[in-house]
Amino acid sequence: MHCLDGDCCAQSTMALPRLHPINSFTEWEPLEEMIVGHVEGAILPDRQLLRYLPIKENTRTILNLLSGFPYPEFLLAGARRELQGLVATLQAEGITVHRPAVLNGRRWLQTPDWRSRGTAATFPRHGLLVLGDEILEAPASLRSRHCEGLAYRHLLEDYHRRGSRWTVAPRPRLQDSFYNSRYRLPRDTEPITYAISEKEPVFDGADFARCGRDLFVTRSNTTNLAGIDWLRRHLGQTYRIHLLESRYRQPMHIDSTLIPLGPGRALINPDWIDLERLPPILKTWELLKAPPPDPTPHPFSLGSPWLSLNLLMLDPKRVLVERHQVSLIRALKDWGLEPLPLPFAHLAALGGSFHSATLDIRRRGSLQTYFELDSAKIYKGSSHECQ
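Criteria and cut-off values
- Residues numbered from 1 in each chain as written.
- Predicted model: local features only at pLDDT ≥ 70, side-chain atom pairs only at ≥ 80, totals over all residues.
- Heavy atoms only, no water.
- Helix = DSSP H or I, 4+ residues; strand = E, 2+ residues; numbered from the N terminus.
- Buried < 20%, exposed > 50% of the residue type's maximum accessible area, 1.4 Å probe, protein only.
- Polar contact = N/O pair within 3.5 Å; in protein donor to acceptor, adjacent residues only side chain to side chain.
- Contact = heavy atoms within 4.5 Å.
- Arc of directions from axis to C-beta.
- Phe/Tyr/Trp six-rings, centres within 6.5 Å; stacked < 30°, edge-to-face > 60°.
- Pairing = 2+ DSSP bridges.
- Axes fitted to C-alpha atoms, helices over the stretch in contact; angles between N-to-C directions.
- Salt bridge = Lys/Arg side-chain N within 4 Å of Asp/Glu carboxyl O.

*Asks:* Which parts of the structure should I look at to understand the side chain of glutamate 137?
*Replies:* Here glutamate 137 lies in strand β6 (residues 134-137). Of the residues examined, glutamate 137 reaches a relative accessible area of 3% and is grouped as buried. Side chain to side chain, glutamate 137 and arginine 171 meet in a polar contact 3.2 Å long. Ignoring sequence-local partners within four residues, the contact set of glutamate 137 consists of Gly127, Leu128, Gly149, Arg153, Leu156, Trp166, Thr167, Val168, Ala169 and Arg171.

Rendered as structure tokens:
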């Protein structure tokens, strides 16, 4: 119904405060709205991504031959059922769920510098980062994900129209010179090297963990120091970014390394985190060591077994966890949490789990500081804060 009286419209606007459709500052506050990805249009990884993945060399050789072809339906069918089950579970909890548009990964992307197959909209956490009332399109380091934001364009336009901030980070050129052509998996005795350079800023949203005013990030094969610095400057004094070092030989995304569970508490991967080299501010929290991952009945995975830690917090008490991770479920219960087991092992064939396949748009709460120590004392002389 349209109001023809200008005064009436003005009074109605004053009576109803404008609420931002996007509001999310942490990984744990009560969830109200989110985006869930899908597997339609998914293709087997391009050769560029295959260099990064923690898979056996014979598997890598086979996938190189099949790169760019659609995933077999028997692999997608299980993942599709799992995502549908996740959507049903979230909606049963009263959580609003949106889905991206379908992208056909078989279509070619082309710039003046390169040509590549595209990708599907399976993992919204990779290409988007929500900080308060702002949603940010991340500058992807993979050519196949250069146009991934198109799958979410209808949602981004609607959020922006209703008052939220929409930022697109500078799109990298991703020329051949940006990549380390001699990259290989570092041996245990060698320093960690990266497949990408510092020539231009790139980062994935999944390399950041949000704890109110404090963000933790891992440098990885999808996020470089230049990208971290760009985001630090963009955010100004509102947020503080802390670099979390990973011992993983092929680092990619923080959500299997550090998982904030609530104020003052986080789950950590004991294989990948050196407690002696943590950002000083994080040492003020209770850090819970995750048990080793349990095997799943689905043998094919493009991710590490530590996808077991790719959890999704519904609120500070309840957490979605893959149902075969019995040891983790037991540990979460011992820590006073309420794990909600769901089948989600098939999605590992595409390289992700609950946290990767979702993006929280609204959580209750406001911007807060969850670390009590005086920041001047914490940061003084620390190499872990990104300057």
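*Asks:* It is not clear to me how helix α8 (residues 326-334) should be interpreted in this structure. Could you clarify?
*Replies:* Side chains three or four residues apart in an α-helix point the same way, a direct result of the helix having 3.6 residues per turn. All of the buried residues in α8 are Leu328, Ile329, Ala331 and Leu332. Around the axis of α8, the buried residues are gathered within 165 degrees of arc, so they sit on the same side. Counted as exposed and oriented over 90 degrees from the buried face of α8: Lys333 and Asp334. Residues of α8 that are buried in the fold lie against β12 (265-268), β15 (318-322) and β16 (338-342). Just beyond α8, the residue with positive phi is glycine 336, at close to 90 degrees.

*Asks:* Honestly, the packing of aromatic side chains in this entry has me stumped. Any pointers?
*Replies:* On inspection of all chains with the given rule, the structure shows 9 aromatic pairs. When the ring of phenylalanine 178 is compared with that of tyrosine 179, the centres are 5.0 Å apart and the planes differ by 80 degrees; the resulting orientation is edge-to-face. Residues phenylalanine 178 and tyrosine 179 agree in their burial class; the two are buried. Grouped by ring-pair contacts, the aromatic residues Trp28, Phe216, Trp285, Tyr370 and Phe371 constitute a single cluster.

*Asks:* What am I meant to see in the sheet that holds strand β7 (residues 165-168) here?
*Replies:* Backbone hydrogen bonds hold the strands of a sheet together, and the pairing may be parallel or antiparallel. The 3 strands are arranged β5-β6-β7 in an open sheet whose pairing can be described as mixed. Across the chains shown, the open sheet's two edge strands, defined by having one partner strand only, are β5 (128-131) and β7. Along the sheet, successive strands turn relative to each other by an average axial angle of 20 degrees, direction set aside. Here β5 pairs with β6 via 4 bridges, running antiparallel. Residue valine 130 lies in a different strand from β6, and its bridge partner there is isoleucine 135. Of the strands in this sheet, β6 and β7 touch helix α6 (residues 153-161), which is tilted by about 135 degrees from β7. Lying on the sheet, helix α7 (residues 225-235) is in contact with β5, β6 and β7; it crosses β6 at an angle near 155 degrees.

*Asks:* For this particular structure, what's the right way to read the sheet that holds strand β11 (residues 258-262)?
*Replies:* With mixed pairing, the 3 strands of this open sheet are ordered in space as β11-β12-β13. At either margin of the open sheet sits one strand with a lone partner, and together these are β11 and β13 (286-289). The average undirected angle you get between the axes of adjacent strands in this sheet is 30 degrees. Where β12 lies against β13, 4 bridges are found, and the strand directions are parallel. Counterpart to isoleucine 268 in the pairing with β13 is lysine 289.

*Asks:* Looking at this model, I keep getting lost on unusual backbone geometry. Mind explaining?
*Replies:* Where the residue is not glycine, phi is negative for most of them; where a peptide bond is considered, it is trans in most cases. The backbone of leucine 174 sits at a positive phi, close to 60 degrees, despite the residue not being glycine. By secondary structure assignment, the location of leucine 174 is in the loop between β7 and β8 (208-211). Its identity is not glycine, yet histidine 253 carries a phi of approximately 80 degrees, on the positive side. Along the chain, histidine 253 falls in the loop between β10 (240-243) and β11.

*Asks:* Before we go on, may I ask you to explain the pairing of strand β17 (residues 358-363) in this structure?
*Replies:* Regular strands place their side chains on alternate faces of the sheet. In terms of burial, β17 is largely enclosed, as 5 of its 6 residues are buried. Bridge count for strand β1 (residues 31-36) against β17 is 5 bridges, and the pairing is antiparallel. From the neighbouring strand, glutamate 33 faces β17, where its bridge partner is arginine 362.

*Asks:* Please explain the pattern of salt bridges as it appears in this structure.
*Replies:* For side chains of opposite charge, pairing can occur when their charged atoms come near one another. For the coordinates displayed, the defined rule picks out 28 salt bridges. Arginine 364 serves as the salt-bridge partner of glutamate 32, at 3.2 Å between the closest nitrogen and oxygen. Taken together, the residues span a long stretch of sequence, with glutamate 32 in strand β1 and arginine 364 in the loop between β17 and α9 (375-379) at a distance of 332 residues. Among the ionic pairs, aspartate 113 bridges to arginine 173, the shortest N-O distance being 2.8 Å. Of this pair, aspartate 113 sits in the loop between β3 (108-110) and β4 (115-117) while arginine 173 sits in the loop between β7 and β8; the two residues are 60 residues apart in sequence, bridging distant segments of the chain.

*Asks:* Mind showing me how you'd approach the pairing of β8 here?
*Replies:* A two-sided burial pattern is seen for β8, the buried positions comprising Phe208 and Arg210 on one face and Ala209 and Cys211 on the other. As judged from the 4 bridges shared by β8 and strand β9 (residues 214-217), these two strands associate in the antiparallel manner. Bridge pairing in β9 places alanine 209 opposite phenylalanine 216. The turn linking β8 back onto β9 is made up of 2 residues, and glycine 212 within it adopts a positive phi angle of 65 degrees.

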